[in-house]
Amino acid sequence: MKNLFKYASLLLAAVMLFSCHGYYDPNDPAYGGGEEDDANAELKISSDRNLIQTFGGDHANITVTLGKKVITEDVIFFDGNNQIVNLPDFKFYASEPGEYELWANYGTYNSGRISIKAISIEIPETPADPKPSSTSFKARTLITEFTTTGCSWCPSMKRVLHGALENAEAADKVVMTACHSSLVNSVKDPAFIKTGYEDFSGATGLPFVYCDMHYGFGYYNGLSANDLIGLFDELCAEKEDVAAGIAVTSSLEDGQLVAKVTVKAAQTGSYRIGAFLLEDGIYGKQTSAGSDDWMHNHDNVIRHIDSRYYSNAGREQFYGHSVGEVEAGKTADYVFVWMLDEIWDKGALNGEMYGGYYWDPFVENNLHLAVFVSTVTTDDKGNEYYYVNNAVDCPVNGQTPYEYR
């Protein structure tokens, strides 16, 4: 990933830019440095499971290490509110569903934090791994188009994107999403969503295309479908050997959507998992669409974002929920549990309040998920930053197994 965007550099530099928010926070508890000896050792806390059930004696086994030494005595555990937690035999149980944070103290050493999610339902099964010994996964890039129905420049970008994605090979390298988080000229937008994702992206105006939560660009005359096909090729090629595998089991029943995501690491590193709920077939008259009637039907519209957290510096981030360090070939899980009525009620009220439309009821057959994994890489100057390592588009009901190359 050190030579990212060679193709993109051929595009006009004036309209291509790196997101000022796409930085790496060295204090992020999901990331830990190495240590060579006890004098410089770091206290680390880890769990054999990121997800447990609240019943049946289910629990996670906690391990604390100082350098290469496993510490089994005199460790004090704290929760996310810095309250002492009693963990008999270093086992964590939860009686109520929720997300729990833990960190450890040992003498003068404090660890980073880990997160364990507890749910009150049966944990879905991960799809069978067709190649257990392989870590060679198909890579895709996560693309977000920031747009709105009142934007007169957006159709120019839409035509270019549409042309690029008509190429089946290019489309297979992309997980496409659309974020209608702004309104232009007071034109109401039935796909409007209130979110900080646009600010996080560094979008300088509409239209704006955001790639892998690291690289963004606006439209300019001369941008072609072939330019984007080349960019998508490069984005995927650069991370082909490091892309993590993503397997998803999802179920939508009685308005509750449960999606278990398992990430399988191609390289040892600290990983995060996030998901967008998407809806197709939202009708909204697009300004300046001309004769392109397809522009009035909006697909891949983001209806819910479940990846937000705040860095130690207090900045709103969207790279996903930490599942800690995962060794190459090993896996980690995260389960998303959403009540769609709650999502729609909130979104609909925000739509009315901020000048959009009250959302129409969702059509279950039009819903799908964009699930992504992010991690840390370095640029040519040695600067470290987060980026989306891989992404998949999957149904709200069904299994999406690992896809190998």
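Check the entry above for the structure.
Quantities reported herein were computed from a predicted structural model and do not represent experimental measurements.

Student: Which residues make up the overall build of the chain, and what are the values?
Tutor: On a plain count of helices and strands, the chain comes out with five helices and 28 strands. A globule of 405 residues ought to have a C-alpha radius of gyration of about 22 Å, and the chain, at 22 Å, matches this closely. Along the longest, intermediate and shortest principal axes, the C-alpha atoms of the chain span 70 × 50 × 40 Å. Buried residues in the chain amount to 54% of all 405 residues. As displayed, the chain has an accessible area near 18,100 Å², and 46% of this comes from carbon and sulfur atoms. Across the chain, the centroid of the 29 positively charged side chains sits 3 Å from that of the 56 negatively charged ones.

Student: Please give an account of the sheet that holds strand β28 (residues 398-400) that cites residues and values.
Tutor: On the basis of which strands lie adjacent, the open sheet formed by four strands has the order β25-β17-β16-β28 and antiparallel pairing. Lying at the two open borders of the sheet, with one neighbouring strand each, are β25 (331-339) and β28. On average, each strand axis in the sheet is inclined to that of its neighbour by 10 degrees, with strand direction left out of account. Across the sheet, helix α5 (residues 340-353) lies against β16 (245-253), β17 (256-264) and β25, angled at about 65 degrees from β25, the strand it touches most.

Student: Give me the lowdown on the side chain of Ser201, citing residues and values where you can.
Tutor: By the secondary structure assignment, Ser201 is in helix α3 (residues 197-201). You can call Ser201 buried: its relative accessible area is 1%. Of the polar contacts made by the side chain of Ser201, one reaches the backbone nitrogen of Ala203; its length is 3.1 Å.

Student: Account for helix α1 (residues 154-165), naming residues and giving values.
Tutor: A rise of 1.5 Å per residue sets the reference length of α1, with its 12 residues, at 16 Å; its end C-alpha atoms lie 16 Å apart and thus fit the reference within 8%. Taken together, the buried residues of α1 touch β12 (141-146), α2 (168-171), β13 (174-179), β14 (208-211), β15 (215-218) and α4 (225-238).

Student: Please give an account of the state of the cysteines that cites residues and values.
Tutor: All chains considered together, the criterion is met by one disulfide. For Cys151, the disulfide goes to Cys154, at an S-S distance of 2.3 Å. Negative torsions about the S-S bond denote left-handed disulfides, and the value of about 90 degrees found for Cys151 with Cys154 makes this one right-handed. Exposure class is identical for Cys151 and Cys154. Each is buried. Of the cysteine sulfurs around Cys211, a residue in no disulfide, the closest is that of Cys236, at 10 Å. A relative accessible area of 0% means that Cys211 is categorised as buried. Cysteine Cys394 remains unbridged, with the sulfur of Cys236 as its closest cysteine sulfur at 17 Å.

Student: Can you break down the environment of Arg315 residue by residue, with the values?
Tutor: Along the polypeptide, Arg315 turns up in the loop between β22 (309-310) and β23 (316-317). Distance in space between the C-alpha atoms of Arg315 and Ser288 is 36 Å, their sequence separation being 27 residues.

Student: Explain the environment of Gly163 residue by residue, including any values.
Tutor: For Gly163, the location among the structural elements is in helix α1. Taking the C-alpha atoms as reference points, Gly163 and Arg49, separated by 114 residues in sequence, lie 44 Å from one another.

Student: Help me get a handle on the nonpolar core, residues and values and all.
Tutor: A general trend in soluble globular proteins is that nonpolar side chains are found buried together. Grouped together as the largest cluster of nonpolar side chains are 31 residues, with contacts concentrated most on Leu257, Leu277, Trp338, Leu369 and Val371. Those elements that place two or more of their residues in this core are β16, β17, β18 (269-279), β24 (321-326), β25, α5, β26 (367-378) and β27 (384-395). Excluding residues that lie within four positions of it along the chain, Trp338 makes contacts with Gly255, Gln256, Leu257, Ala275, Phe276, Leu277, His304, Asp306, Ile343 and Leu369. Among the nonpolar cores identified, the runner-up in size contains 26 residues, and Cys154, Cys179, Val376 and Ala391 belong to it.

Student: Tell me about the packing of α1 against α4, and please be specific about residues and values.
Tutor: Two elements in contact, α1 and α4, have axes separated by 8 Å at closest approach and are oriented at 60 degrees. One way to sum up the angle between α1 and α4 is to call them oblique. When you trace α1 past α4, the crossing you get is right-handed. Each of Val160, Leu161, Gly163, Ala164 and Leu165 in α1 lies in contact with α4, whose residues at this interface are Ala225, Leu228, Ile229 and Phe232.

Student: Give a description of the packing of aromatic side chains that names residues and reports values.
Tutor: The geometry of two aromatic rings is summed up by the distance between their centres and the angle between their planes. According to the stated counting rule, one finds 25 aromatic pairs in the structure shown. Judged by centre distance (4.4 Å) and plane angle (15 degrees), the ring pair of Phe78 and Trp103 falls under stacked. Taken as a pair, Phe78 in strand β6 (residues 76-79) and Trp103 in strand β9 (residues 98-106) lie far apart in primary sequence, 25 residues in all. Here the aromatic residues Phe146, Tyr197, Phe200, Phe208, Tyr210, Phe276, Phe318, Tyr319, Phe372 and Tyr386 are joined through ring pairs into a cluster of three or more. Arg272 extends its terminal NZ or CZ atom over the ring of Tyr309, reaching a point 3.7 Å from the ring centre.

Scoring rules and cut-offs
- As a convention, each chain's residues are numbered from 1 in the sequence order in which they are written.
- Confidence filtering applies because this is a predicted model: local features only for residues at pLDDT of at least 70, side-chain atom pairs given and counted only at 80 or more, and all residues used for totals across whole chains, interfaces and linings.
- Computation of side-chain values covers all heavy atoms of the structure but excludes hydrogens and water.
- Going along the chain from the N terminus, every DSSP run of H or I of four or more residues is numbered as a helix, and every run of E of two or more is numbered as a strand.
- With the radius of gyration taken over C-alpha atoms, the globule rule is written as 2.2 Å times the number of residues to the power 0.38.
- We call a residue buried when its accessible area falls under 20% of the maximum for its residue type, exposed when it is over 50%, and partly exposed in between, using a 1.4 Å probe and counting protein chains only.
- Using the Shrake-Rupley algorithm and a 1.4 Å probe, accessible areas are obtained, with residue cover drawn only from the displayed protein chains.
- Residues counted as positive are Lys and Arg, residues counted as negative are Asp and Glu, and His and the chain ends are not counted.
- Charge placement uses NZ in Lys and CZ in Arg. For Asp and Glu, CG and CD serve respectively.
- In this description, strands pair whenever DSSP reports at least two bridges between them.
- The angle between two axes is taken between their N-to-C directions and runs from 0 to 180 degrees, where each axis is a line fitted to C-alpha atoms and a helix contributes only its stretch in contact.
- By definition in these notes, contact holds between two residues if any of their heavy atoms fall within 4.5 Å.
- What qualifies as a polar contact is a pair of N or O atoms within 3.5 Å, subject to a donor-acceptor requirement within protein and to the restriction that residues adjacent in sequence count only when both atoms come from side chains.
- The span one expects for a helix is its residue count, reduced by one, times 1.5 Å.
- Any cysteine sulfur atom paired with another within 2.5 Å is treated as part of a disulfide.
- Throughout, nonpolar core names a set of buried Ala, Val, Leu, Ile, Met, Phe, Trp, Tyr and Cys residues whose side chains join them through atoms within 4.5 Å.
- Any angle between 65 and 115 degrees counts as roughly perpendicular, while under 35 counts as roughly parallel, over 145 as roughly antiparallel, and the rest as oblique.
- Note on convention: the crossing is left-handed when the near helix lies turned anticlockwise from the far helix by less than a right angle, right-handed when the turn is clockwise.
- The criterion for an aromatic pair is that two Phe, Tyr or Trp rings (for Trp, the six-membered ring) have centres within 6.5 Å, with stacked assigned to planes under 30 degrees apart, edge-to-face to planes over 60 apart and tilted to the rest.
- Over a ring means this: the NZ of a Lys or the CZ of an Arg is within 6 Å of the ring centre and within 35 degrees of the ring normal.

Don't take any of this as a statement about function, it's just geometry.
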